[in-house]
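Residues per chain, in single letters:
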Amino acid sequence: MYLVILGAPGAGKGTQVEGLKDKLGLVHIATGDLLREAVRERTLLGQRAEKFITQGRLVPDDIVLELLEDKIGKEKDGFILDGFPRNLFQGRKLDEILSRENRKLDLVLNLDVKESVIIERLGTRLVCSSCDRTYNQENSAASGNTCPVCGASFFQRDDDKPEIIKERLKTYLEHTRPLINYYRKKGILHNVGGAQSPVEITREILNFLNKKENT
Ligand code: AP5
Ligand code: MG
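Residues numbered from 1 in each chain as written. Chains lettered and ligands numbered in written order. Predicted model: local features only at pLDDT ≥ 70, side-chain atom pairs only at ≥ 80, totals over all residues. Heavy atoms only, no water.

Caption draft 1: Spatial organisation of the side chain of Asn136. With respect to the helices, strands and loops of the structure, Asn136 is situated in strand 6 (residues 134–136). A distance of 3.3 Å separates a polar atom in the side chain of Asn136 from the backbone oxygen of Arg121. In this structure the side chain of Asn136 is engaged in a polar contact, spanning 2.9 Å, whose partner is the side chain of Thr124. (Helix = DSSP H or I, 4+ residues; strand = E, 2+ residues; numbered from the N terminus. Polar contact = N/O pair within 3.5 Å; in protein donor to acceptor, adjacent residues only side chain to side chain.)

Caption draft 2: Structural context of the pattern of salt bridges. A complete count under the given rule lists 17 salt bridges for this structure. A salt bridge links Glu18 to Arg133; its shortest N-O distance comes to 3.8 Å. Here Arg133 lies in the loop between strand 5 (125–128) and strand 6 and Glu18 lies in helix 1 (residues 13–24), a separation of 115 residues in the sequence. For Glu18, a relative accessible area of 31% puts it in the partly exposed group. Take Arg133: its relative accessible area is 27%, and that puts it in the partly exposed class. (Salt bridge = Lys/Arg side-chain N within 4 Å of Asp/Glu carboxyl O. Buried < 20%, exposed > 50% of the residue type's maximum accessible area, 1.4 Å probe, protein only.)

Caption draft 3: The arrangement of the site of ligand 1 in detail. In the vicinity of ligand 1, 35 residues are found, and the nearest of them are Thr15, Arg57, Arg125, Tyr135 and Arg168. Arg36 places a side-chain nitrogen or oxygen 2.9 Å from an oxygen atom of ligand 1. Between ligand 1 and the protein, one listed contact pairs an oxygen atom with a backbone N or O atom of Tyr135 at 2.7 Å. For ligand 1, the protein covers 93% of the area, taking 1,000 Å² as the surface of the free molecule. Of all elements in the fold, only helix 1, helix 2 (31–40), helix 6 (115–123), strand 6 and helix 9 (198–213) reach the threshold of two or more residues within the shell around ligand 1. Per element, the largest residue contribution to the shell around ligand 1 is 4 residues, and it comes from helix 2. Here the shell around ligand 1 is built from residues that sort into 13 nonpolar, 13 polar and 9 charged. (Near = heavy atom within 4 Å. Areas by Shrake-Rupley, 256 points an atom, 1.4 Å probe, with all protein chains shown as cover. Nonpolar A, V, L, I, M, F, W, Y, C, P; charged D, E, K, R; others polar.)

Caption draft 4: Geometry of the packing of aromatic side chains. Overall, the coordinates contain 3 aromatic pairs when judged by the stated rule. With 4.9 Å between their ring centres and 55° between their planes, Tyr2 and Phe79 make a pair best called tilted. Taken together, the positions of Tyr2 in strand 1 (residues 2–7) and Phe79 in strand 3 (residues 79–82) put the pair 77 residues apart, joining distant regions of the chain. You'll find Tyr2 and Phe79 in the same group, each marked buried. (Phe/Tyr/Trp six-rings, centres within 6.5 Å; stacked < 30°, edge-to-face > 60°.)

Caption draft 5: The arrangement of the side chain of Thr171 in detail. Along the chain, Thr171 turns up in helix 7 (residues 162–176). Not counting residues up to four positions away in its chain, the partners in contact with Thr171 are Gly56, Arg57, Leu58 and Thr176. (Contact = heavy atoms within 4.5 Å.)

Caption draft 6: Main features of the pairing of strand 4 (residues 107–112). Summarising burial for strand 4: 5 of the 6 residues are buried, a large majority. Across 5 bridges, strand 4 lies against strand 8 (residues 189–193) in parallel orientation. The residue bridging Asp112 from the neighbouring strand is Gly193, located in strand 8. (Pairing = 2+ DSSP bridges.)

Caption draft 7: Spotlight on the nonpolar core. Core analysis: the biggest nonpolar cluster contains 52 residues, and Val59, Ile72, Leu81, Leu94, Leu105, Val108 and Tyr183 have the highest contact counts within it. In this structure, Val108 is in contact with Val4, Leu6, Tyr183, Ile188, Leu189 and His190, ignoring residues within four places of it in sequence. (Core = buried A, V, L, I, M, F, W, Y, C linked by side-chain atoms within 4.5 Å.)

Caption draft 8: Local environment of the environment of Thr15. Its location among the elements puts Thr15 in helix 1. With 63 residues separating them in the primary sequence, Thr15 and Gly78 have C-alpha atoms 19 Å apart.

Caption draft 9: Structural context of the sheet that holds strand 2 (residues 27–30). Here we have 5 strands laid out as an open sheet, ordered 2-3-1-4-8, and parallel in their pairing. The sheet terminates laterally at strand 2 and strand 8, the two strands that pair on one side only. Along the sheet, successive strands turn relative to each other by an average axial angle of 25°, direction set aside. Along the sheet, helix 8 (residues 178–186) makes contact with strand 1, strand 4 and strand 8, crossing strand 8 at roughly 130°. (Axes fitted to C-alpha atoms, helices over the stretch in contact; angles between N-to-C directions.)

Caption draft 10: Local environment of helix 3 (residues 44–55). Turning to helix 3, its buried residues are Leu45, Gly46, Ala49, Phe52 and Ile53. Angularly, the buried residues of helix 3 cover 130° about the axis, an arc narrow enough to put them on a single face. The inward-facing, buried residues of helix 3 abut helix 2 and helix 4 (61–74). Within two residues after helix 3, Gly56 carries a phi angle of roughly 75°, on the positive side. (Arc of directions from axis to C-beta.)

Encoded structure:
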């Protein structure tokens, strides 16, 4: 199965994929994580990408595709893409890459969350410095100072500052939201309300997938 999870910054894409990937046996490919890793490792691509990420703008398509194309090609047993595609160009490019090997997207999940909720979530997000798992200061799982799974310390993402969150939301509305219509027209879009708890949302998605499989 080839899935995309769409949604505004902070909608809960990464959180949902953490809950879904093992149950569905799919690999999680997150362009944001790949880009941040390239920045940390000071690779050439990372150095070119850094200023766009810290400003809340989209990293140029050629950089993202260079990081991603090989990975998509290799994962033949299914994946969930998180953070890609991010604009119509990337959406068409993804179709093209998959169609080269007679593959196609099965489903696009769109997490729908109010802007006020997003701003609150991003302002209180904590990320593990080792495994990239995401928590929230409001969440009991993150009540200590270290990641409950791997024990490493938390950090706050540079782009989770209020003025950069605003910029990321603007970028989302301008470039990424048009993908909703793109996939709706293809008949593979499924909207998911993102206001409930993470576990409830995961359950709803799994129920939907079960029903879909049985029809
Ligand atoms: P990326 O890392 O993809 O960031 P994003 O899209 O802005 O999304 P986030 O990771 O911030 O949010 P999320 O939806 O994963 O939410 P999360 O689960 O963490 O991209 C970063 C940057 O890289 C971009 O700005 C761009 O510069 C660049 N980039 C990446 N891909 C690119 C591409 N394809 N092309 C060009 N540039 C690209 O949840 C957020 C918080 O909410 C957490 O604290 C979580 O614990 C909490 N939470 C989640 N769900 C719930 C819930 N249901 N209830 C309560 N709290 C919740
Ligand atoms: Mg994420």
